[in-house]
Amino acid sequence: MVGRDTTELSIGREAFLSVVGKAVQIILGFVGITIFTRVLGSDGLGRYRTVLAAAFVILTFSESIAAVVKKRVAEVESESAEYLMLALVVHGGVTVITILGLSIGSPIAVPYFGSTELTIGVGLITASIGFFSVLNYYQGGIGYPARSTWADSLRSVLTLGAQVGLLTLGYREFGVALGLVIASIISGVFVWLSLRPSLVVPTAETAKRTYTFARYSLPSSFISRLYGNADTLLINAFAGASAVGFYSLASQFTQPATLLGSSISGALGVKSSGIDSTGGHIRQELINSTCYIGLIAIPTLFGAFAISDALMQANLFGSTYNDAPGTVLIGVALIQLINVYQRPFSTAIGASDRPDINFRVNLLAVFFYAPTAFGLGMMHSLYGVIAGTVIAESIRFMT
């Protein structure tokens, strides 16, 4: 499939199509978490989300290279086939290292995640989601950002179906993880067949151009992803799996806050890469994007203030959530609001071939986050970790 001219993309059109796809994902996510809370309880959901968080941190290496591929293939007259091959090779290496690392570190990993099966799940999720992400980032980069969102929506549908089926068979937390693995593999194959991309051994120039961008974007993405998922990992360490279950439900409630922001940022990144590669200016595109990006996030925060306890303690989610703290929902909604307004700026900077700026900003945020979240987490467990994240996100936005 031949890519489109990314300089002529309509951000409004692509964002609208992406919003619809993201909405489908959010609805399916809410249906899924309702089932999980009732079947697994807060403790079981917390263990699954901890496995997911660990896999997402590892996936940073594969997805960072995939993001570089998306940026490079979005540029005019790029050799897209070479970049795709390079990303797949890198992901293969990440998968092998992950499996070896989990095997060697199993005496520590198994007690932390709760079982041998869930530890294996970290490796399986890393391998399958990375495969899908590389192909889907590539699809977005060659001029189809909305289509990449819908591919993710397809994966959400398949994931929920596989997870419910495996839960019915009695596989519990491992079944939920395995359902995600199966759906990611199927979705990745679907994207591959729809694009039928060529694979060309990358040249030294392709590797060099990838390294030029990745030397800043990869550590920046790793730092950002680490502290984006560190909440779950720290909460599990300081407060246990049930607290992670409460945090996960709150995060699901606030997903609509990210709906418009992520869709606009996705289209903004692709178009900005194309414009910047031809020497154009992206200032106006950035201004237009920030004008609308908080339309859902702001009402979400006010809604959390008004009815947080009622939402978190609803009978719909089973008896283990009867005492779920509403304050968690308020904190997570505030985190999402700050992140939504920060995202277009980091996207535009990255698309303009300045990943070094994003790296420095993220490094500064983590510099404040690590001691704050760890220290407050030790003293105030769940609330402390959330407070540390709010502080770090505020610093990253203001920077």
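Here is a short report on the structure shown in this document. (Residues numbered from 1 in each chain as written. Predicted model: local features only at pLDDT ≥ 70, side-chain atom pairs only at ≥ 80, totals over all residues. Heavy atoms only, no water.)

1. So, the overall build of the protein chain
No. 1: In terms of regular secondary structure, the protein chain is built from 13 helices and zero strands.
No. 2: Listing each helix as α and each strand as β along the protein chain from the N terminus yields α-α-α-α-α-α-α-α-α-α-α-α-α.
No. 3: With 399 residues in all, the protein chain has 54% of them scored as buried.
No. 4: Sequence separation of at least 24 residues holds for 83% of the intrachain contacts in the protein chain that already meet a minimum separation of 6.
No. 5: Carbon and sulfur atoms make up 67% of the accessible area of the protein chain, which totals about 16600 Å². (Helix = DSSP H or I, 4+ residues; strand = E, 2+ residues; numbered from the N terminus. Buried < 20%, exposed > 50% of the residue type's maximum accessible area, 1.4 Å probe, protein only. Contact = heavy atoms within 4.5 Å. Areas by Shrake-Rupley, 256 points an atom, 1.4 Å probe, with all protein chains shown as cover.)

2. What about unusual backbone geometry?
No. 1: In this model, Arg172 sits at a positive phi of 50°, which is unusual for a non-glycine residue.
No. 2: Here Arg172 lies in helix 6 (residues 172-195).
No. 3: Arg172 sits in the partly exposed class, given a relative accessible area of 36%.
No. 4: With phi around 45°, Ser381 is a residue other than glycine that occupies positive phi space.
No. 5: Mapping Ser381 onto the fold places it in helix 13 (residues 355-398).

3. Considering the pattern of salt bridges
No. 1: According to the stated counting rule, one finds five salt bridges in the structure shown.
No. 2: A salt bridge links Arg155 to Asp152; the shortest N-O distance between them is 2.9 Å. Taken together, the residues Arg155 and Asp152, both in helix 5 (residues 145-168) and three residues apart, mark about one turn of the helix.
No. 3: For Glu393, the salt bridge goes to Arg396, with nearest N and O atoms at 3.1 Å. Within this pair, Glu393 and its partner Arg396 are both found in helix 13, separated by three residues, close to a single helical turn. The pair Glu393 / Arg396 is uniform in exposure class, with both members buried.
No. 4: A single salt-bridge network, built from bridges that share partners, covers Asp43, Arg47, Arg172 and Glu173. (Salt bridge = Lys/Arg side-chain N within 4 Å of Asp/Glu carboxyl O.)

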